[in-house]
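# Close look at the chain arrangement
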Amino acid sequence: FVLALMVGLSLAGAWAEDAEEKPTRVALFEIVAVDNELKTTADKIEPLLQAALDANPDFEMVERQRLRALMEEQGLTAAGIVDEGEAVKVAKLAGANVLVTGRVFELDDELVLSTKIMGVETSRVFAKVAKGKLTDALDQIVNKMAVEIGKVIVAKRDAFYAKKSSVGDP
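Residues numbered from 1 in each chain as written. Predicted model: local features only at pLDDT ≥ 70, side-chain atom pairs only at ≥ 80, totals over all residues. Heavy atoms only, no water.

## Some points on the sheet that holds strand β4 (residues 110–119)
Counted only if it meets this: Strand pairing is assigned whenever DSSP identifies at least 2 bridges connecting the two strands. Only DSSP runs of H or I covering at least 4 residues are called helices, and only runs of E covering at least 2 are called strands; the numbering of each starts at the N terminus. Contacts are assigned to residue pairs that have any heavy atoms within 4.5 Å of one another. Here, axes are lines fitted to C-alpha atoms. For helices the fit covers the stretch in contact, and angles between N-to-C directions go from 0 to 180 degrees.
Read across the open sheet, the 5 strands follow the order β2-β1-β3-β4-β5; overall the sheet is mixed. The strands lining the two open edges of the sheet, one partner per strand, are β2 (60–61) and β5 (125–133). Across the sheet, helix α2 (residues 39–54) lies against β1 (25–33), β2, β3 (98–107) and β4, angled at about 165° from β1, the strand it touches most.

Below you can see the structure in the form of structure tokens.
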């Protein structure tokens, strides 16, 4: 019995170490245009942001096709996930630890990209905003946002994972 207990604890410890060493997986959900005039802009932001985040070696991105397939399985449309609970559910099914959603809108002659970076396990949310003039190249604003998202994911990594309870020695 004691040997079985020791082996079990050893395996549990190994599992915990493996879980900590796994890379952070990030799911990017749609960027929503607050105004209908910006829908085309929002549709351009998504692939640009996905590509910029894909280039970051500090985490893995969930493939957009995998997310779309899971959304279809769950009866959700690719356009218009509004309910964060449903988005979290799909992100969990995709194996993501972090969910990124966003909005784009105009404010005082600027294009504003606002994102939420949420821990799928913990629901901890961080927000980032990137702005640029309406005349600025869209990829510059998106790349600024990708850098900020990357910083949050790396710096706040522990906030995205549920704390493991340690069982004390009885």
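## Here we look at the packing of α2 against helix α5 (residues 138–155)
To be explicit about the condition: Reported orientations rely on four angle classes, namely roughly parallel under 35 degrees, roughly antiparallel over 145, roughly perpendicular from 65 to 115, and oblique for the rest. Crossing handedness is defined as follows: a turn of the near helix away from the far one that is anticlockwise and smaller than a right angle gives a left-handed crossing, while the clockwise case is right-handed. Basically, the charged four are Asp, Glu, Lys and Arg, the nonpolar ten are Ala, Val, Leu, Ile, Met, Phe, Trp, Tyr, Cys and Pro, and anything else, Gly included, counts as polar.
With their axes 9 Å apart at the nearest point, α2 and α5 run at an angle of 50° to one another. As far as their axial angle goes, α5 and α2 are oblique. Handedness of the crossing formed by α2 with α5: right-handed. Contacts from Thr41, Lys44, Ile45, Leu48, Leu49, Ala52 and Leu53 of α2 reach α5 at Leu138, Asp139, Val142, Asn143, Met145, Ala146 and Ile149. Split by residue class, the contact of α2 with α5 holds 10 nonpolar, 2 polar and 2 charged.

## Considerations on the environment of Lys116
The following threshold applies: For every residue, the accessible area (1.4 Å probe, protein chains only) is compared with the maximum for its type, and the residue is labelled buried under 20%, exposed over 50%, or partly exposed between those bounds.
For Lys116, the position within the fold is in strand β4. Residue Lys116 is classed as partly exposed on the basis of its relative accessible area of 35%. It is 9.0 Å that separates the C-alpha atoms of Lys116 and Arg103, two residues lying 13 residues apart in sequence. The residues contacting Lys116, other than those within four sequence positions of it, are Glu84, Leu99, Val100, Thr101, Val125 and Phe126.

## A word on the packing of aromatic side chains
The condition that has to hold: Two aromatic rings from Phe, Tyr or Trp, using only the six-membered ring of Trp, form a pair when their centres are within 6.5 Å; if the ring planes differ by under 30 degrees the pair is stacked, by over 60 it is edge-to-face, and anything between is tilted.
Counted under the stated rule, the structure contains 1 aromatic pair. Each ring, one from Phe126 and one from Phe160, has its centre 5.7 Å from the other, and the planes form 80°; the classification is edge-to-face. With Phe126 in strand β5 and Phe160 in the segment after α5, this residue pair connects regions lying 34 residues apart in the sequence. Under the relative-accessibility criterion, Phe126 is labelled buried at 10%. Phe160 gets classed as buried once you look at its relative accessible area, which sits at 0%.

## Looking at the pattern of salt bridges
Close approach of charged atoms allows side chains with opposite charge to pair. Quick reminder of the rule: Whenever a carboxyl oxygen of Asp or Glu lies within 4 Å of a side-chain nitrogen of Lys or Arg, that contact is scored as a salt bridge.
Under the defined criterion, the tally for this structure stands at 5 salt bridges. As a salt-bridge pair, Lys39 and Asp43 come within 3.4 Å of each other at their nearest N and O atoms. With a gap of 4 residues between them, Lys39 and Asp43 both fall in helix α2, about one helical turn apart. Of the charged contacts in the structure, one is a salt bridge between Lys151 and Glu148, with a shortest N-O distance of 3.5 Å. Here Lys151 and its partner Glu148 are both found in helix α5, 3 residues apart, which amounts to about one turn of the helix.

## Here we look at the pairing of β4
Extensive coverage of β4 is indicated by the burial of 7 of its 10 residues. Sheet analysis places β3 next to β4, joined by 10 bridges and oriented antiparallel. Its bridge partner being in β4, Gly102 is matched across the sheet by Thr115. A loop of 2 residues connects β3 with β4, the two strands running antiparallel in sequence, and Asp108 in this loop sits at a positive phi of about 50°. Pairing of β4 with β5 involves 9 bridges; the strand directions are antiparallel.

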